[in-house]
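Overview (structure and organization)
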Amino acid sequence: MYKQIARTIYLFITTPAKAWKELNSENSSEEKALNNYAYPLIGIGTLAAFIAGLFEGNFINFQVGLKNASLLFISCFIGLYLAAFLIRWFYEKHMKKKMLFSTSMIYVVYSSTVIFIINFLTQLTDGIFFIQIFSLYSIYIAWEGASELLEIEDSKRAGFVLFSSLSIILSPVGLSYLIKLLMPAMQ
């Protein structure tokens, strides 16, 4: 399974168009996208957040590790569903066609590839904050997915990709901020 995840990550980072074509030919399901791709990547990022939090400070701090892991897990997990909901809503409103939630979820999961990798790397390398800029590569992955998976015509693709990319990138960030705002102990 992890070999397949690594291969999929490699494809989406190096050649997103080829990755979307391959995914489209496999007739990927929402269950496969979540269980065999998104959840393991969220889990690896959460584990990295827990381990990094354990060794924060001068002694082992289980509470900080658990807090960091919980915050990352909740924001990523709910962020996937929020982004899929928003993208489906936008698609149906502006494209005047119905979209299955499962299709929207597949689009969000694979377009979030770079974000999963960034979550993992930022937990391991706390001092390198500028790595977040690479999340903009999700725009290109979403661009290719909009034409391959969703078959959006070129004239409407730019607006759709802009909205979907902002939803994919900002949903976890906004949820993390909201959680910290509502629960000050999570900071």
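This write-up is about the structure you can find in this document. (Residues numbered from 1 in each chain as written. Predicted model: local features only at pLDDT ≥ 70, side-chain atom pairs only at ≥ 80, totals over all residues. Heavy atoms only, no water.)

1. Digging into the nonpolar core
- Of all hydrophobic cores here, the largest spans 45 residues; its most connected members are Trp20, Leu80, Tyr107, Val109, Tyr110 and Phe160.
- Those elements that place two or more of their residues in this core are α1 (2–14), α2 (16–26), α3 (30–54), α4 (62–95), α5 (101–111), α6 (113–124), α7 (137–148) and α8 (154–182). (Core = buried A, V, L, I, M, F, W, Y, C linked by side-chain atoms within 4.5 Å. Buried < 20%, exposed > 50% of the residue type's maximum accessible area, 1.4 Å probe, protein only. Helix = DSSP H or I, 4+ residues; strand = E, 2+ residues; numbered from the N terminus.)

2. What to know about α5
- Along α5, eight of the 11 residues are buried, which leaves the element largely enclosed by surrounding structure.
- Along α5, the positions that sit buried rather than exposed are Ser104, Met105, Ile106, Tyr107, Val108, Val109, Tyr110 and Ser111.

3. Considering the packing of aromatic side chains
- Tallied over the entire structure, the rule returns 16 aromatic pairs.
- Taking 5.1 Å as the distance between ring centres and 85° as the angle between the ring planes, the aromatic pair formed by Phe12 and Trp20 counts as edge-to-face. Grouping residues by exposure puts Phe12 and Trp20 together as buried.
- Residues Phe12 and Tyr110 carry aromatic rings whose centres are separated by 5.3 Å and whose planes lie at 15° to one another, so their mutual orientation is stacked. Of this pair, Phe12 sits in helix α1 while Tyr110 sits in helix α5, and the two are 98 residues apart along the sequence.
- Cluster of aromatic residues (ring-pair linked, three or more members): Phe12, Trp20, Tyr37, Trp89, Phe90, Tyr91, Tyr107, Tyr110, Phe160 and Phe163. (Phe/Tyr/Trp six-rings, centres within 6.5 Å; stacked < 30°, edge-to-face > 60°.)

4. Quick word on the pattern of salt bridges
- One pass over the structure, following the stated rule, counts four salt bridges.
- Measuring nitrogen to oxygen at the nearest pair gives 3.3 Å for the salt bridge that ties Glu26 to Lys32.
- A salt bridge links Asp154 to Arg157; the nearest nitrogen and oxygen atoms lie 3.2 Å apart. With a gap of three residues between them, Asp154 and Arg157 both fall in helix α8, about one helical turn apart.
- For Asp154, a relative accessible area of 57% translates into the label exposed. (Salt bridge = Lys/Arg side-chain N within 4 Å of Asp/Glu carboxyl O.)

5. A word on a positive patch on the surface
- Taken together, the side chains of Lys93, Lys96, Lys97 and Lys156 make up a positively charged region of the molecular surface.
- Along the chain, the position of Lys96 falls in the loop between α4 and α5.
- For Lys96, a relative accessible area of 69% gives the class exposed. (Patch = residues over 30% accessible without salt bridge, like charges linked within 9 Å, V, L, I, M, F, W, Y side chains within 5 Å. Areas by Shrake-Rupley, 256 points an atom, 1.4 Å probe, with all protein chains shown as cover. Lys, Arg positive; Asp, Glu negative; His and termini not counted. Charge placed at Lys NZ, Arg CZ, Asp CG, Glu CD.)

6. Remarks on a nonpolar patch on the surface
- A cluster of nonpolar residues, Phe73, Ile74, Ile78, Leu82 and Phe85, forms a patch on the protein surface that exposes about 420 Å² of accessible area.
- Residue class for Ile74 comes out partly exposed when judged on its relative accessible area of 33%.

7. What about the environment of Lys96?
- Remark: the alpha-carbon pair of Lys96 and Lys32, spanning 64 residues in sequence, is separated by 28 Å.
- Polar contacts involving the side chain of Lys96 include one to the main-chain carbonyl oxygen of Lys93, which spans 2.9 Å. (Polar contact = N/O pair within 3.5 Å; in protein donor to acceptor, adjacent residues only side chain to side chain.)

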